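Topology and contacts: notes
The chain contents come next:
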Amino acid sequence: MTPSAPTPRAWPLLPLLFFLAVFLGSGLYYTSTGTEFAFYQIKAPVVAMAAIVLAMVLARIAGQHLNSSVERLLAGIGHSNIILMCLVFLLAGAFASVSDSIGSVEATVQLGLRIIPAEWVLPALFLISAFIATAMGTSMGTIAATAPIAVGFASATGLSMPMALGAVVGGAMFGDNLSMISDTTIAATRSQGVSLKDKFRVNIWIALPAALLTMVVLVMAGGSEHAVEHKPFEFVRVLPYLLVFALALSGLNVLAVLIIGIVVAGVTGMVIQPEYGLAEMNGAIYKGFEGMFEIMLLSMLIGGLSQLMTDQGGTRWVIERIHGLTRLLKLPLQRAGEVGIAMLVVFANIFVANNTVAIVLTGEMARDIAEDHGVDLRRSASVLDIFSCVVQGLIPYGAQVLLACSIAGISPLLLIGSIHYCWLLAVAGIVAILFNRPRLKTSS
């Protein structure tokens, strides 16, 4: 049995620091030598496995039995959030592959280019992703549905691939952050004991300016100099994507949305292409599975490693250090508390690579800090959700970035600099804390 409140210790953080140093360090090294696919020269899952071995060795030195460490590793790998993520990865890969095999992606892009001027492609991708994520309550499902279209737009217009994907990931994080049915929203409001609508009223005044600035940046980045080649297309090939978008907006579970999308895409291919049969559909699905193998394996291993660190007191150590730091900040009491809450969830998210888990881990401590520093609990819930959203959208080993990069075949570090919304949200969040905006009326 794992104690409910492990003793805070720093050494359990070493394995994740090792992973980050090797993963990022090797990528930067190979980039400096001009190696193609620099961040794929050292495979991240192999480094993650080495980090897990290091975590078990350290735990054994500290007196923990090896069998116990293995059990906790498996508990982390088998966590419902991790399993859900892996299933989304597999189904997203399958849907993208089947859609591509029947020409659905190309047809959807051509339809979009007839409706959207080339210079408005980037802001349109951001708005579509934001709308879907707000309705679905999940950034992962949104990216799975929209990223293949972004790849097609980038190829057709000559836009930067990272910019197109950055618009999708940014929009997905914006919608996920504000959605009433998002797991992060629910976790933040429950942990702070506030209503969904009260948290939304605070969040919208911080997230909306960041989103509007993002739109301006994307309009400027889109430009009008990109040549667009219009090609004939069959509208029937667009139907799988239209159906997926409609089902996503209806609030249907993301797994069901993707499964229905795969079936409809396959059947559409069989109807319009006589040579496209069950064998071709089967092959396309499996090809999609194969394309997601690395990201799925990495997510499982990071989930297990995070569980080991949490059980051994590493995450608790970070949380308590930040809690103590808030008492030393030379800021007004309320602002010091909000800075502490932001730092708390940022560091927790960096170490567990899951924004919902980070909020759950830090929620109770954040509420303690809020009450100690006179922070309105509606603001503490908003700060938790905003800064977990920022980190989750920018860490190169986070599920959202990995999914988008797997679909496009680009490096995670190449993408994170183009996720403008998350960078601007960080700035908006800091400004909101420093200037105490928005000002709240006393809740009745």
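Structure shown above.
1. Some words on the overall build of the chain
In terms of helices and strands, the chain carries 21 helices and zero strands. Its C-alpha atoms give the chain a radius of gyration of 22 Å, near enough to 22 Å, the size a compact globule of 444 residues would have. The principal-axis extents of the C-alpha atoms in the chain amount to approximately 65 × 55 × 45 Å. The 444 residues of the chain split such that 57% are buried. Here the contacts in the chain between residues at least 6 apart in sequence split such that 80% fall between residues at least 24 apart. Total accessible area on the chain is roughly 18,400 Å²; 67% of this is exposed by carbon and sulfur atoms. Charge separation in the chain, taken as the distance between the mean sites of 23 positive and 24 negative side-chain charges, equals 12 Å.

2. As for the packing of aromatic side chains
If you walk through the whole model with that rule in mind, you get three aromatic pairs. Judged by centre distance (6.2 Å) and plane angle (35 degrees), the ring pair of Phe126 and Phe174 falls under tilted. Of this pair, Phe126 sits in helix H6 (residues 121-136) while Phe174 sits in helix H8 (residues 161-178), placing them 48 residues apart in sequence. Like Phe126, the residue Phe174 is buried in the burial classification.

3. Focus: a nonpolar patch on the surface
A cluster of nonpolar side chains, Val427, Ile430, Val431, Leu434 and Phe435, forms an exposed patch at the surface whose accessible area comes to about 440 Å². Locating Val427 in the fold gives a position in helix H21 (residues 420-434). Given a relative accessible area of 47%, Val427 falls into the partly exposed group.

4. A closer look at helix H18 (residues 377-392)
For H18, with 16 residues, the first-to-last C-alpha span of 22 Å sits near the 22 Å given by 1.5 Å per residue. In terms of residue burial, H18 counts as a mostly covered element, since 16 of its 16 residues are buried.

5. A few points about the packing of helix H3 (residues 66-77) against helix H14 (residues 293-311)
Look at H3 against H14: their axes get within 7 Å of each other, and the N-to-C directions meet at 125 degrees. Taken as axis vectors, H3 and H14 run oblique relative to one another. The chirality of how H3 crosses H14 is right-handed. In contact with Ser69, Arg72, Leu73, Gly76 and Ile77 of H3, H14 contributes Met300, Gly303, Gly304, Leu305, Gln307, Leu308 and Asp311. Taken together, the residues that form the contact of H3 with H14 break down as five nonpolar, five polar and two charged.

6. With respect to the nonpolar core
Within the largest apolar cluster, 138 residues are counted, with the highest numbers of intra-cluster contacts made by Phe19, Phe89, Leu165, Leu403, Leu415, Tyr421 and Leu425. When neighbours within four sequence positions are excluded, Leu403 is seen to be in contact with Phe89, Ala92, Met140, Ile143, Ala144, Met292 and Ile295.

7. Considerations on the side chain of Thr146
Structurally, Thr146 is set in helix H7 (residues 139-157). There is a polar contact of 2.9 Å between the side chain of Thr146 and the backbone oxygen of Thr142. When neighbours within four sequence positions are excluded, Thr146 is seen to be in contact with Leu125, Ser129, Ile132, Val168 and Phe245.

8. Examining the environment of Leu308
Looking at the element boundaries, Leu308 is found in helix H14. Leu308 sits in the buried class, given a relative accessible area of 1%. Each C-alpha atom of the pair Leu308 and Ala59 lies 8.8 Å from the other, and the pair is 249 residues apart in sequence. In this structure, Leu308 is in contact with Ile52, Ala55, Met56, Ser69, Arg72 and Leu73, ignoring residues within four places of it in sequence.

9. Describing the pattern of salt bridges
Applying the stated rule across the entire model yields six salt bridges. Of the charged contacts, one joins Asp198 and Arg201 as a salt bridge, the two residues approaching to 3.4 Å between their closest N and O atoms. One end of the pair, Asp198, and the other, Arg201, are both in helix H10 (residues 196-222), three residues apart, so they sit about a helical turn from each other. We classify Asp198 as buried; its relative accessible area is 19%.

10. Examining the state of the cysteines
Scanning the entire structure with this criterion turns up zero disulfides. With no disulfide partner, Cys86 has as its closest neighbouring cysteine sulfur the one in Cys405, 17 Å distant. Looking at Cys86, the relative accessible area reads 5%, which means it is buried. Looking at the unpaired Cys389, the closest cysteine sulfur is the one in Cys422, lying at 4.9 Å. Cys389 gets classed as buried once you look at its relative accessible area, which sits at 2%.

The rules behind the values
Residues numbered from 1 in each chain as written. Predicted model: local features only at pLDDT ≥ 70, side-chain atom pairs only at ≥ 80, totals over all residues. Heavy atoms only, no water. Helix = DSSP H or I, 4+ residues; strand = E, 2+ residues; numbered from the N terminus. Rg over C-alpha atoms; globule rule 2.2 N^0.38 Å. Buried < 20%, exposed > 50% of the residue type's maximum accessible area, 1.4 Å probe, protein only. Contact = heavy atoms within 4.5 Å. Areas by Shrake-Rupley, 256 points an atom, 1.4 Å probe, with all protein chains shown as cover. Lys, Arg positive; Asp, Glu negative; His and termini not counted. Charge placed at Lys NZ, Arg CZ, Asp CG, Glu CD. Phe/Tyr/Trp six-rings, centres within 6.5 Å; stacked < 30°, edge-to-face > 60°. Patch = residues over 30% accessible without salt bridge, like charges linked within 9 Å, V, L, I, M, F, W, Y side chains within 5 Å. Salt bridge = Lys/Arg side-chain N within 4 Å of Asp/Glu carboxyl O. Expected span 1.5 Å × (residues − 1). Axes fitted to C-alpha atoms, helices over the stretch in contact; angles between N-to-C directions. Parallel < 35°, antiparallel > 145°, perpendicular 65-115°, else oblique. Left-handed = near helix turned anticlockwise from the far one by under 90°. Nonpolar A, V, L, I, M, F, W, Y, C, P; charged D, E, K, R; others polar. Core = buried A, V, L, I, M, F, W, Y, C linked by side-chain atoms within 4.5 Å. Polar contact = N/O pair within 3.5 Å; in protein donor to acceptor, adjacent residues only side chain to side chain. Disulfide = S-S within 2.5 Å.

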